[in-house]
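# A closer look at the structure
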Amino acid sequence: MPSETREIDTEVMQSLNYRGTSPELEKKLEEARLNLPKLRGEKFDEWVNQWRKDNLSEKEEINIGSWVASRFKAGKNAIALEWLGKMNSRQGKPFASAAAFGKWLDDEGFPADVKEKMIALVPNTVKVAQDVILCLDLATGKQVWKYAQPGKPSGRQSSSTCAVVDGKVYAACSSELLCVNEADGRLAWSAPLSVKGPAASPLVMGDRVYMAAGGTCAFSKADGKLLWEQKEAKGLIASPTWWAPTSGTPVLVINGNNALYGLDPETGGVKWKAEGGSQSTPVASGDWLVLYSGTEGVGLRAYKMQPDGTPKTAWSHFWVTRRYTGSPIIYEGSVYHCCGEKHQCIDLETGAVKWVANEINSTITSPLLADGKLLVYENNGTHVRMVKATNTAYEQLGRAKTDALGCSSPAIANGRLIVRQKDKLVCFDLRPVK
């Protein structure tokens, strides 16, 4: 909607093609960009590739290699990283007016031509949002009910999945945790969240609802009252996991920003802290917990609960890749993982790799398991692949076009596959033809 305010948001920074780097790398990159050799065609490409080999680590090459090349190809026409960094520092801090934005640009020393581009890029509107929970008929796709209330713009990160338990629907929306009736969508209660738009999903256990939303919180299932908050276990993307070992008491597991936390579900106290941290939700089975983390040396790791109530590393497989987001699956003594550009099966007890299929573009989403088969997106959601869940060999059973959003995960119910596309939900019937 039209507004006097001006705000630099993620879309503005994406249009500027900004990537944050270390100060050291930024300095080297800008010096090279402003002093490019007079080469053309293949010779120039060879020079760029060699610069990347000489100056980028393996992880940097995966994450920003192509972006570095684009900076060199733009040459002196590229906007200096100094100005892009200043713009990025003002994300989420609106200016009261166009005049205030222009004054800030002048005060920061933006050159006239760059200032003109920035003013043109920052919109003269503000975003508005609605928090919506929809109930659709699985057989027909028709709307059964809709709950909506004003929300706060929270961007692509806001991607929590609802939990449906005992006739209630629990949904983490832009700024509140909502509970509505499953039958008619009427609001039962709402509770404020400390961060905007968490990607983590609510976990309902017993009389409590657990959320990773900045810190970790426990709410009363009956009325939404905040029961405790643990600020040390920071995270908002990986969902809480309930780990109930064969002996001992259950633990609430949070894969936080930089570590793995085991919390007392009753009090929120930190029982233990272990290596981990990422966007992937861990999975638990008996005494075993498996997580996927970008922390150096962790990667795909299995922890086994010890008699003293603390986890011990059983095995790890680490490799450098762009994203550490997809969750693993534990099934019949094997761990299946479909992320990080590969599909693999690993023996849960020993960590031995049973099979691996490399160079498969499965990077963000988590697979699902149904009828002894794995279903997982590839190529940013354009296709779904079906793989047999067996540890003997990699066996692809089928592949179908879905045109799904690459950051979503498929869902399955009563033999139907539910896919989220850019502007709609689509249902595929997987049941055998009679």
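Residues numbered from 1 in each chain as written. Predicted model: local features only at pLDDT ≥ 70, side-chain atom pairs only at ≥ 80, totals over all residues. Heavy atoms only, no water.

### Digging into the overall build of the protein
Counted only if it meets this: Starting at the N terminus, helices and strands are each numbered in turn, a helix being any DSSP run of H or I of at least four residues and a strand any DSSP run of E of at least two. Throughout, radius of gyration means the C-alpha value; the globule benchmark is 2.2 Å times the number of residues raised to the power 0.38. The cut-offs for exposure are 20% and 50% of the maximum accessible area for each residue type, with area from a 1.4 Å probe on protein chains only; residues under the lower value are buried, those over the upper are exposed, and the others partly exposed. The contact definition used throughout considers only heavy atoms, calling two residues in contact when any of these lie within 4.5 Å. Within this scheme the basic residues Lys and Arg register as positive and the acidic residues Asp and Glu register as negative, but His and the chain ends are omitted. Taken as the charge centre is NZ of Lys, CZ of Arg, CG of Asp or CD of Glu, depending on the residue.
What the protein contains, in helices and strands, is seven helices and 28 strands. In terms of overall size, the protein behaves like a compact globule, its C-alpha atoms giving a radius of gyration of 24 Å where 434 residues would be expected to give roughly 22 Å. Viewed in the frame of its principal axes, the protein has a C-alpha envelope of about 65 × 55 × 50 Å. Relative to its full complement of 434 residues, the protein shows a buried share of 44%. The long-range fraction of contacts in the protein, counting pairs at least 24 apart against all pairs at least 6 apart in sequence, stands at 46%. The positive charge centre, built from 53 side chains, and the negative charge centre, built from 48, are 3 Å apart in the protein.

### Section: the sheet that holds strand E7 (residues 203–205)
Rule in force here: A pair of strands counts as paired when DSSP detects no fewer than two bridges linking them. To obtain each axis, a line is fitted to C-alpha atoms, and for helices this fit is confined to the stretch in contact; angles are then taken between N-to-C directions over 0 to 180 degrees.
Spatially, three strands are ordered E7-E8-E9 in an open sheet, and the strand pairing comes out antiparallel. Unpaired on one side and paired on the other, E7 and strand E9 (226–235) mark the two borders of the sheet. The sheet shows a mean angle of 30° between the axes of neighbouring strands, direction not considered. Where strand E8 (residues 208–220) meets E9, five bridges bridge the pair, whose relative direction is antiparallel. Looking at the pairing, Cys-217 lines up with Glu-229 of E9.

### Remarks on the packing of aromatic side chains
For any pair of aromatic rings, the description consists of the separation of the ring centres together with the inter-plane angle of the planes. What counts here: Stacked, edge-to-face and tilted labels apply to pairs of Phe, Tyr and Trp rings (six-membered ring for Trp) whose centres lie within 6.5 Å, assigned for plane angles under 30 degrees, over 60, and everything in between, in that order. Geometrically, a charge over a ring is one whose NZ (Lys) or CZ (Arg) sits within 6 Å of the ring centre while staying within 35 degrees of the ring normal.
Taken as a whole and judged by the stated rule, the model has 17 aromatic pairs. Judged by centre distance (5.3 Å) and plane angle (65°), the rings of Trp-47 and Phe-72 are edge-to-face. One end of the pair, Trp-47, is in helix H3 (residues 41–55); the other, Phe-72, is in helix H4 (residues 58–74), with 25 residues separating them in the sequence. Between Tyr-170 and Trp-189, the ring centres sit 6.1 Å apart and the planes meet at 50°, which makes this aromatic pair tilted. With Tyr-170 in strand E4 (residues 168–172) and Trp-189 in strand E6 (residues 187–192), this pair connects stretches of sequence that are 19 residues apart. Neither Tyr-170 nor Trp-189 differs from the other in exposure class; each is buried. One Lys or Arg, Arg-90, reaches over the ring of Trp-104 and ends 5.7 Å from the middle of that ring. Here the basic side chain of Lys-342 rests over the ring of Trp-319, its NZ or CZ set 4.4 Å away from the ring centre.

### As for H4
Definition in use: Each residue after the first adds 1.5 Å to the expected span of a helix. A residue's bend is simply the angle between two axes: one fitted to the seven residues ending at it, one to the seven starting at it.
The end-to-end C-alpha separation of H4 is 24 Å, in line with the 24 Å expected for 17 residues at 1.5 Å each. The axis of H4 is deflected most strongly, by about 65°, at Ile-64. Just beyond H4, the residue with positive phi is Gly-75, at close to 60°.

### Concerning H3
Here is the rule: The reported arc concerns the directions from the helix axis to the C-beta atoms and nothing else.
Between its first and last C-alpha atoms H3 spans 21 Å; for 15 residues at 1.5 Å apiece the expected length is 21 Å, and the two agree. Three or more residues of H3 are buried, namely Phe-44, Val-48, Trp-51 and Arg-52. The buried residues of H3 all sit within an arc of 100° when viewed along its axis, so they share a single face. Set apart from the buried face of H3 by more than 90 degrees, the exposed residues are Glu-42, Lys-43, Lys-53 and Asp-54. The inward-facing, buried residues of H3 abut helix H2 (23–34) and H4.

### Section: the side chain of Gln-230
The cut-off we apply is this: Under this definition, polar contacts are N or O atom pairs within 3.5 Å; protein pairs additionally need one hydrogen-donor-capable and one acceptor-capable atom, and for neighbouring residues in sequence, both atoms have to be side-chain atoms.
Turning to its location among the elements, Gln-230 is positioned in strand E9. From its side chain, Gln-230 meets the backbone nitrogen of Glu-232 in a polar contact 3.0 Å long. Dropping the residues within four chain positions of it, Gln-230 is found in contact with Gly-215, Thr-216, Leu-263, Gly-268, Gly-269 and Val-270.

### Overview of the layout of surface pockets
To keep it simple, the criterion reads: Using a grid of 1 Å spacing that covers the protein atoms alone, one calls a set of points a cavity when a 1.4 Å probe fits there but cannot get out, and a pocket when the set is open and has protein on both sides within 12 Å along at least five of seven lines; lining residues are those with an atom within 4 Å of a point. Grid points are joined across faces, edges and corners, and a volume is the space filled by probe spheres set on the points. Nonpolar residues are Ala, Val, Leu, Ile, Met, Phe, Trp, Tyr, Cys and Pro. Charged residues are Asp, Glu, Lys and Arg, and all others, Gly as well, are polar.
Estimated volume of the second largest pocket: approximately 160 Å³. Surrounding the second largest pocket, Ala-370, Asp-371, Lys-373, Leu-375, Met-386, Ile-412 and Leu-430 form its lining. Its residues assigned to classes, the lining of the second largest pocket shows five nonpolar, no polar and two charged.

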